[in-house]
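Here's the letter readout for the chains.
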Amino acid sequence: MQFVEFMNAFSAVLEPTTLVAILSGVLIGQLVGILPGISSPAAIALLLPATYALGPVPGLAMLCGIWLGSSYGGIITSVLLNIPGEGDSVIATLDGHQLAKQGRSALALGVSALGGFAAASIALFLLQVLGPSIAGNALRFGPPQIFALMMFGLAIVAWLGGKSILKNMVSVATGLLIGTVGTDIVSGEARLTFGSPELLQGIDFVAVVVGLFGLGEVLHTIGSKFRMGERARFSFRDLLPRPGEWRPSILSTLRGTTIGFLTGIVPGVGPTNATFIAYAVEKKVARDPDRFGKGAIEGVAAPGAAAHSATIAGLIPLLALGIPASATAAILVGGFVIHGLFPGPLLYSQRPDVVWGLIASLYVANALLLLINTLFIPVLVLGVRLAHSHLSAVIGVLTMIGAYSLNNSVFDMWMALAFGILGYLFRVLNIPIAPLVIALVLGSKAEKSLRQSLVMSDGHLDIFFSSPIAVTLFLLAALVLVGPVTGRLLRRLRHSPDPGLAGSQDSSR
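Engineer: Could you clarify how one ought to interpret the overall build of the protein chain in this entry?
Structural biologist: The number of helices and strands found in the protein chain is 21 helices and two strands. Split into buried and exposed, the 509 residues of the protein chain put 52% on the buried side. Surface exposure of the protein chain reaches about 22900 Å², of which carbon and sulfur atoms provide 66%.

Here is the structure:
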């Protein structure tokens, strides 16, 4: 049955309108990946309003094409210019740019494109197989279990959103605070509206992400006075590995695919962390770790595969559970909402055409990106150089137009501007933005399930401890929050000298 639905959706995806939407998405994503001045969340946020006229499948296919395409495109400037276009392409500068210095830039880009295609294809197959079963089991979750799951997700995001736990907490708390603005879902009282009637319905999610990512990145780019760098040569020579390089390339790609998929489904980890983990694993299993950082092909293949696999894997918790695993996935929720859809287990049963159409469109997008990244890279790089000086102004204008078009409201423009300034401040202070966006999405779900649970139990908290699933999730959340702190304290105590022993040594002297 699922195979028949998938094939029907695949035939619908091949219609001209959907194909044009997919192609537009992957091309935009490719450019976004190349450009360090704008990220995939920013591009998706800017184009959310534009997808309303396309319909659910073409609109979501275009947004997911941007997401996947940016993962492909980020490798180009990492290899050629030593400038990562996306967070998940940072690690590629270590060995990819070294290969370019050795005159083997085509090899680095070719391995990345082929490995990324294979990794994304495997991850898409796993998404197609695992998604329905996960969604089916998720239907057994009631409000208490959903609340526990949201708490577990927020705990992971708070720890894994960035290097500083305190800054992660600030970002999560800010997202939760923004989510409380509006009318209370039970009592109907106004919360944090400050007498503004526009805020009674809450702050529009799209206005938040458009401002944070679109306008925020424009302000940060202008402030940092970014420059593209020197012109680099490109050749299609040696696009494929040499005979002795095929085996390590394939093995590294498979390991990176596995690591990316397993980490991509965990909220808060995301493709960037997956690339660093994959690189560390390759360096650990290598016979000669000293080759890494000097042009090791494994250092390009594994992180590239991990990034693409993690990107696809992030759709599993989004589609099956309604939980975004990254900032980009959280913004995609806005794409569903625009079309009156809500990601989660019911989506599989109520709108299977959207689910399978989206998966089928990703197969098409993956194939198109393989073609683009093996034939048209020089054209893309040239276009980026010509357009870069005008991008900040264009993005700023599109941000405000997109905010206004949400409800034809000037108030939404002011909201986007306010959150653009907040996004700029977060970047200046090195506070991660992804936890804020994920907390904004999870927070509303957590509050709704909490209030429903308390209504079901007449205000008694024991409803959260009567379910083994809820108890397990609460314990995992506590372990995530307390475990690392406890581990650090134990390590400090283990390595600190014994005061009594130190005093006896001083007296003996």
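Structure's up, so let's keep going.
Engineer: Help me understand the pattern of salt bridges, please; the structure alone is not making it clear to me.
Structural biologist: For side chains of opposite charge, pairing can occur when their charged atoms come near one another. Enumeration according to the criterion identifies five salt bridges in this entry. Shared partners join several salt bridges into a network, and the residues in it are Arg-191, Glu-447 and Arg-451.

Engineer: In this structure, what is going on with the confidence of the model for the protein chain? I would like to understand it.
Structural biologist: Regions with low pLDDT carry predicted coordinates that are not meant to be interpreted in detail. For the protein chain, the average pLDDT comes to 76, and 78% of its residues sit at 70 or higher. In the model, residues 225-233 has pLDDT below 50 throughout and makes 21 contacts with residues more than four positions away in sequence or in other chains.

Engineer: Whenever I open this one, helix 12 (residues 298-313) confuses me. Can you help?
Structural biologist: The periodicity of an α-helix, 3.6 residues per turn, causes residues three or four places apart in sequence to face the same way. With 16 residues, helix 12 extends 22 Å between its outermost C-alpha atoms, agreeing within 8% with the 22 Å of an ideal straight helix rising 1.5 Å per residue. When you tally the buried positions in helix 12, you get 16 out of 16 residues, the bulk of the element.

Engineer: Would you take a moment to explain the packing of aromatic side chains for this structure?
Structural biologist: Centre distance and the angle of the planes are the two values used to describe a pair of aromatic rings. Inspection of every chain in the model, using the stated rule, returns six aromatic pairs. On the basis of an interplanar angle of 85 degrees and a centroid distance of 6.2 Å, the ring pair of Tyr-348 and Trp-356 is categorised as edge-to-face. Given the relative accessible area of 3%, Trp-356 is considered buried. With centroids separated by 6.3 Å and ring planes inclined at 40 degrees, the aromatic side chains of Phe-465 and Phe-474 adopt a geometry described as tilted. On the accessibility criterion, Phe-465 (59% relative accessible area) is exposed.

Engineer: Please explain helix 8 (residues 165-179) as it appears in this structure.
Structural biologist: Between its first and last C-alpha atoms helix 8 spans 21 Å; for 15 residues at 1.5 Å apiece the expected length is 21 Å, and the two agree. For helix 8, the set of buried residues is Ile-165, Asn-168, Ser-171, Val-172, Thr-174, Gly-175 and Ile-178.

Engineer: Is there a simple way to explain the packing of helix 3 (residues 40-47) against helix 14 (residues 327-338) in this structure?
Structural biologist: Helix-helix packing: each pair is described by the crossing angle between the helix axes and the interaxial distance. Across the interface, helix 3 lies against helix 14 with an axial gap of 9 Å and an inter-helix angle of 5 degrees. Here helix 3 lies roughly parallel to helix 14, going by the angle between them. Contacts from Ser-40, Pro-41, Ile-44 and Ala-45 of helix 3 reach helix 14 at Thr-328, Ile-331 and Leu-332. Tallied by class, the residues present in the contact of helix 3 with helix 14 amount to five nonpolar, two polar and no charged.

Engineer: Is there a simple way to explain the nonpolar core in this structure?
Structural biologist: Soluble, globular proteins show a tendency: their nonpolar side chains are buried together. In terms of nonpolar packing, the biggest core is built from 90 residues, with Leu-127, Ile-312, Leu-315, Leu-319, Leu-332, Phe-336 and Val-437 touching the most fellow members. The element contributing the most residues to this core is helix 16 (residues 352-375), with 11 residues. Counting 10 residues, the second-largest nonpolar core is a separate cluster that includes Ile-34, Ile-76, Leu-80 and Leu-109.

Engineer: For this particular structure, what's the right way to read the packing of helix 8 against helix 19 (residues 434-456)?
Structural biologist: Put simply, helix 8 and helix 19 touch, their axes get as near as 7 Å, and they point 40 degrees apart. Taken as axis vectors, helix 8 and helix 19 run oblique relative to one another. Taken as a pair, helix 8 and helix 19 cross one another with a handedness that is right-handed. Of the residues in helix 19, those touching helix 8 at Asn-168, Ser-171, Val-172, Thr-174, Gly-175, Leu-176, Ile-178 and Gly-179 are Pro-435, Leu-436, Ala-439, Leu-440 and Gly-443. Grouping the constituent residues of the contact of helix 8 with helix 19 by class yields seven nonpolar, six polar and no charged.

Engineer: Is there a simple way to explain the environment of Val-354 in this structure?
Structural biologist: Looking at where Val-354 falls in the secondary structure, it is placed in helix 16. Along the sequence, Val-354 and Ala-61 sit 293 residues apart, while their C-alpha atoms lie 9.7 Å from each other.

Engineer: Teacher, can you tell me more about unusual backbone geometry here?
Structural biologist: Trans is the common state for peptide bonds, and a negative phi is the common state for residues other than glycine. In this structure, Asn-430 is a non-glycine residue whose phi angle is positive, near 60 degrees. You can see Asn-430 is positioned in the loop between helix 18 (410-428) and helix 19. Judged by relative accessible area, which is 59%, Asn-430 ranks as exposed.

Engineer: Quick question: what am I supposed to make of a nonpolar patch on the surface here?
Structural biologist: Taken together, the side chains of Leu-219, Tyr-404, Val-410, Trp-414, Leu-417, Ile-421, Leu-425, Val-428 and Leu-429 make up a nonpolar region of the molecular surface, amounting to roughly 810 Å² of accessible area. Here the nonpolar patch takes six residues from helix 18, the largest share from any one element. Within the secondary structure layout, Leu-425 lies in helix 18.

Calculation criteria
- Residues numbered from 1 in each chain as written.
- Predicted model: local features only at pLDDT ≥ 70, side-chain atom pairs only at ≥ 80, totals over all residues.
- Heavy atoms only, no water.
- Helix = DSSP H or I, 4+ residues; strand = E, 2+ residues; numbered from the N terminus.
- Buried < 20%, exposed > 50% of the residue type's maximum accessible area, 1.4 Å probe, protein only.
- Areas by Shrake-Rupley, 256 points an atom, 1.4 Å probe, with all protein chains shown as cover.
- Salt bridge = Lys/Arg side-chain N within 4 Å of Asp/Glu carboxyl O.
- pLDDT = per-residue confidence, 0-100.
- Contact = heavy atoms within 4.5 Å.
- Expected span 1.5 Å × (residues − 1).
- Phe/Tyr/Trp six-rings, centres within 6.5 Å; stacked < 30°, edge-to-face > 60°.
- Axes fitted to C-alpha atoms, helices over the stretch in contact; angles between N-to-C directions.
- Parallel < 35°, antiparallel > 145°, perpendicular 65-115°, else oblique.
- Nonpolar A, V, L, I, M, F, W, Y, C, P; charged D, E, K, R; others polar.
- Core = buried A, V, L, I, M, F, W, Y, C linked by side-chain atoms within 4.5 Å.
- Left-handed = near helix turned anticlockwise from the far one by under 90°.
- Patch = residues over 30% accessible without salt bridge, like charges linked within 9 Å, V, L, I, M, F, W, Y side chains within 5 Å.

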